[in-house]
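# Close look at the chain arrangement
Residues per chain, in single letters:
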Amino acid sequence: MSRPDISDWSFCDVNLPARVHQLVFADKITITDLKLILRIAQMVKHYGDGTGRGCFALNRTIAAWLNVHPTYIPQRLRYLSDLGVILIVQFEDQRYLELEWSRTSDERLELAGK
């Protein structure tokens, strides 16, 4: 597999909670997992921009970003979800991804219509 072309990606600063650092140094999260976390952080639309949604990228798109096989992505998403790092949200027959710290609990309730 070839490396993804990142020349058109936009990047912003991402603060990672201390527990993510702990998971990395305890070898519970791989460098590829960390890249996945950082890419989702870049793709999440902030609540205030009017879209209020997370990263809608398909598994094959994420696999291309990370230069891995597409079957790797669902297993890692489940694993990171089980660790409480990534949220996998089903919404209107679609899946989107967010990081646990992407929004406040009040924003999540509002998005869910509660």
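Described in the following lines is the structure provided in the data block. (Residues numbered from 1 in each chain as written. Predicted model: local features only at pLDDT ≥ 70, side-chain atom pairs only at ≥ 80, totals over all residues. Heavy atoms only, no water.)

## Describing the overall build of the chain
Summing up its helical and strand segments, the chain has 5 helices and 2 strands in all. The order of helices and strands in the chain, counted from the N terminus, is α-α-α-α-β-β-α. In the chain, which comprises 114 residues, the proportion classed as buried is 31%. Sequence separation of 24 or more characterises 59% of the internal contacts of the chain that already satisfy a separation of 6 or more. Accessible surface for the chain amounts to roughly 7300 Å². Of this, 53% is attributable to carbon and sulfur atoms. (Helix = DSSP H or I, 4+ residues; strand = E, 2+ residues; numbered from the N terminus. Buried < 20%, exposed > 50% of the residue type's maximum accessible area, 1.4 Å probe, protein only. Contact = heavy atoms within 4.5 Å. Areas by Shrake-Rupley, 256 points an atom, 1.4 Å probe, with all protein chains shown as cover.)

## Focus: the pairing of strand β1 (residues 86-91)
Relative to strand β2 (residues 94-99), β1 runs antiparallel, the two being bridged by 6 bridges. Within β2, the residue paired with L87 across the bridge is E98. Between β1 and the antiparallel strand that follows it, β2, lie 2 residues; E92 among them carries a positive phi value of about 50°. (Pairing = 2+ DSSP bridges.)

## Considering the nonpolar core
Nonpolar side chains in soluble globular proteins tend to end up buried together. Ranked by size, the top nonpolar core spans 23 residues in total, and within it L36, I40, I62 and I86 carry the most contacts. Residue assignment for this core shows that the elements contributing at least two residues are α1 (18-25), α2 (31-43), α3 (59-66), α4 (72-82) and β2. The leading source of residues in this core is α2, at 5 residues. Each residue touching L36, except ones within four places of it in the same chain, is listed here: I62, L66, L77, L80 and I86. (Core = buried A, V, L, I, M, F, W, Y, C linked by side-chain atoms within 4.5 Å.)

## Concerning unusual backbone geometry
Backbone geometry at D27 places phi at a positive 60°, although glycine is not the residue there. Along the chain, the position of D27 falls in the loop between α1 and α2. The class for D27 is exposed, based on a relative accessible area of 68%. You will see that N67, though not glycine, has its phi angle at about 60°, which is positive.

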